Amino acid sequence: MKKIILAISALLILAGCTANGGKKADFDTTPIVGHDAKDFLYNDMDNRPFRLSEKKGNVVMIFFWRMKCPDCKVEMKSLDALARKYKDKGLIVVAVGADAINSAPISEVVAFLKKNHYDSWVDLRDDDGFVSEAYGVIIAPETVVVDKSGKVAAVEHGKADWTSPEKIKLIESLLKG
């Protein structure tokens, strides 16, 4: 009898049996363009609170990165240039360090940010993965762009050049809107 129950259970798992007809699960957290961005309250690395919903009226870029990610480090250079150029025009960049404590000690992250003069954005340390999970981020780099009304305007999976004409046009159009 136990063998039959195990066999049926295995078949159901392999067949992908779902109660909702094969639709995505209700807990899917992948950001969808045009939908509300997921709000979060988190302390930055200087222990100041940052709540996304309090930034309405600004364009917010949420950049997920990891210390051991070479593409993340390359993207940070263009992101820093973008942040410096549009900071006074309503652009807020939030760099979410998605490393666990054991994969990148905080002292290593702080030294890296300081060495590269990355002080044009808000730095969050997502030790417990809360923000990454809220946005369905599995692989870095990933950037979620939130418009002035708090809606997801764009999602960039993988490395991007934020100084390219295409990306500049996107950000400028959101800042005007």
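Here goes a summary of the coordinates provided. The model shown is predicted, which means the values in this text are computed figures rather than measured ones.

1. Notes on unusual backbone geometry
Piece 1. The peptide bond linking A140 to P141 adopts the cis configuration, its omega dihedral lying at 0°.
Piece 2. Within the element layout of this structure, P141 appears in the loop between helix 4 (130-134) and strand 6 (142-146).
Piece 3. The backbone phi angle of N47 is positive, close to 65°, even though this residue is not glycine.
Piece 4. Here N47 is to be found in the loop between strand 1 (41-43) and strand 2 (49-51).
Piece 5. Of note, the phi angle at H117 is positive, near 60°, even though the residue is not glycine.
Piece 6. Within the secondary structure, H117 is located in the loop between helix 3 (106-115) and strand 5 (122-125).
Piece 7. What makes H117 exposed here is its relative accessible area of 56%.

2. Overview of helix 5 (residues 165-176)
Piece 1. Look at helix 5: 16 Å from first C-alpha to last across 12 residues, which is about the 16 Å you get at 1.5 Å a residue.
Piece 2. What helix 5 keeps buried is the set K167, I168, I171, L174 and L175. Along helix 5, the residues classed as buried sweep out an arc of 135° about the axis, all on the same side. Along helix 5, the residues that are exposed and aim more than 90 degrees away from the buried face are P165, E166, K169 and K176.
Piece 3. Among the structural elements, strand 3 (59-65), helix 2 (70-86), strand 4 (91-97), strand 6 and strand 7 (152-157) are those in contact with the buried residues of helix 5.

Definitions and limits used
- Residues numbered from 1 in each chain as written.
- Predicted model: local features only at pLDDT ≥ 70, side-chain atom pairs only at ≥ 80, totals over all residues.
- Heavy atoms only, no water.
- Helix = DSSP H or I, 4+ residues; strand = E, 2+ residues; numbered from the N terminus.
- Buried < 20%, exposed > 50% of the residue type's maximum accessible area, 1.4 Å probe, protein only.
- Expected span 1.5 Å × (residues − 1).
- Arc of directions from axis to C-beta.
- Contact = heavy atoms within 4.5 Å.

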